Amino acid sequence: MKRFCRSVVTAAAVFACSSALVAEAQAAGCGGASWYALGSKTASGERMNAKLLTAAHRSLRFGTKVKVTNRNNGRSVVVRINDRGPFIRGRVLDLSKAAAQNIGMVRSGTAKVCYEVIG
């Protein structure tokens, strides 16, 4: 993709390439995470289920699989993005309760995590 982006000069292609590069930059990151277990509808239209391994991210495409690692204990979990958020500065993900349990952050409520898109 990067080679193609360097060789194209039309305005539409430049926009498409810059959007693709932004998406690549968001494919991994670190920051704060919290968890939630509300029974409301998610931004993707499905009902939030605290027993599923799901998460909210501000911009990753719904259905994206993300590996989340708790920086305090090294435990990881793979979640599926199905909602938008978090809306608190410094946080990069809101995890379902089940995902939070898998990485050992239910008791604290928040944790420092790193994430990477895997599919």
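Located above this text is the structure these notes cover.
Residues numbered from 1 in each chain as written. Predicted model: local features only at pLDDT ≥ 70, side-chain atom pairs only at ≥ 80, totals over all residues. Heavy atoms only, no water.

### Concerning the packing of aromatic side chains
Inspection of every chain in the model, using the stated rule, returns 0 aromatic pairs. Between the NZ or CZ atom of Arg84 and the centre of the ring of Phe62, over which it lies, the distance is 4.2 Å. (Phe/Tyr/Trp six-rings, centres within 6.5 Å; stacked < 30°, edge-to-face > 60°. Lys NZ or Arg CZ within 6 Å of the ring centre and 35° of its normal.)

### Describing the state of the cysteines
In total, this model carries 1 disulfide according to the counting rule given. Disulfide pairing places Cys30 opposite Cys114 at an S-S distance of 2.0 Å. Since a negative S-S torsion denotes a left-handed disulfide, the Cys30-Cys114 link at about 100° is right-handed. Of the two residues, Cys30 sits in strand β1 (residues 28–36) while Cys114 sits in strand β6 (residues 110–117), which places them 84 residues apart along the sequence. A residue is classified by how much of its surface remains accessible, and Cys30, at 43% relative accessible area, is partly exposed. (Disulfide = S-S within 2.5 Å. Helix = DSSP H or I, 4+ residues; strand = E, 2+ residues; numbered from the N terminus. Buried < 20%, exposed > 50% of the residue type's maximum accessible area, 1.4 Å probe, protein only.)

### Quick look at the side chain of Asn82
Among the secondary structure elements, Asn82 is positioned in strand β4 (residues 76–83). Here Glu46 takes part through its side chain, which lies 3.2 Å from a polar atom of the side chain of Asn82. If near-sequence neighbours (up to four positions away) are discounted, Asn82 is found in contact with Thr42, Ala43, Ser44, Glu46, Thr54, Ala55 and Phe62. (Polar contact = N/O pair within 3.5 Å; in protein donor to acceptor, adjacent residues only side chain to side chain. Contact = heavy atoms within 4.5 Å.)

### Details of the sheet that holds strand β5 (residues 91–96)
Strand order in the closed barrel formed by 6 strands is β1-β5-β2-β4-β3-β6, and the pairing between neighbours is mixed. Geometrically, the sheet is characterised by an average inter-axis angle of 45° between neighbouring strands, direction not taken into account. (Pairing = 2+ DSSP bridges. Axes fitted to C-alpha atoms, helices over the stretch in contact; angles between N-to-C directions.)

### Details of the environment of Gly109
Here Gly109 is to be found in the loop between α3 (97–102) and β6. Distance from Gly109 to Ser34, taken between C-alpha atoms, is 5.8 Å for residues 75 residues apart in sequence.

### Thoughts on the pairing of β6
For β1 and β6, the ladder comprises 7 bridges, and the chain directions are antiparallel. Across the sheet, Gly31 pairs through a bridge with Val113, a residue of β6. Bridge analysis of strand β3 (residues 65–70) against β6 gives 5 bridges, and the strand direction is antiparallel. Looking across to β6, one finds that Asn70 is bridged to Val113.

### As for the environment of Val117
Tracing the backbone through its elements, the reader meets Val117 in strand β6. Assessed through its relative accessible area of 29%, Val117 is described here as partly exposed. In sequence terms Val117 and Gly29 are 88 residues apart; their C-alpha atoms lie 9.4 Å from each other. Ignoring any residue separated from it by four or fewer positions in sequence, one finds Val117 in contact with Ala27, Leu60, Thr64, Lys65 and Val66.

### Concerning unusual backbone geometry
For residues other than glycine, phi is negative in most cases, and the peptide bonds are mostly trans. Between Gly85 and Pro86 the backbone carries a cis peptide bond, its omega angle lying at -5°. Tracing the backbone through its elements, the reader meets Pro86 in the loop between β4 and β5.

### Some points on the pattern of salt bridges
For the structure shown, the criterion picks out 1 salt bridge. Its salt-bridge partner being Arg80, residue Glu46 comes within 3.1 Å of it at the nearest N-O pair. You can see Glu46 sitting in the loop between β1 and β2 (54–56) and its partner Arg80 sitting in strand β4, a full 34 residues away along the chain. By relative accessible area, Glu46 is classed as partly exposed at 28%. A residue is classified by how much of its surface remains accessible, and Arg80, at 23% relative accessible area, is partly exposed. (Salt bridge = Lys/Arg side-chain N within 4 Å of Asp/Glu carboxyl O.)

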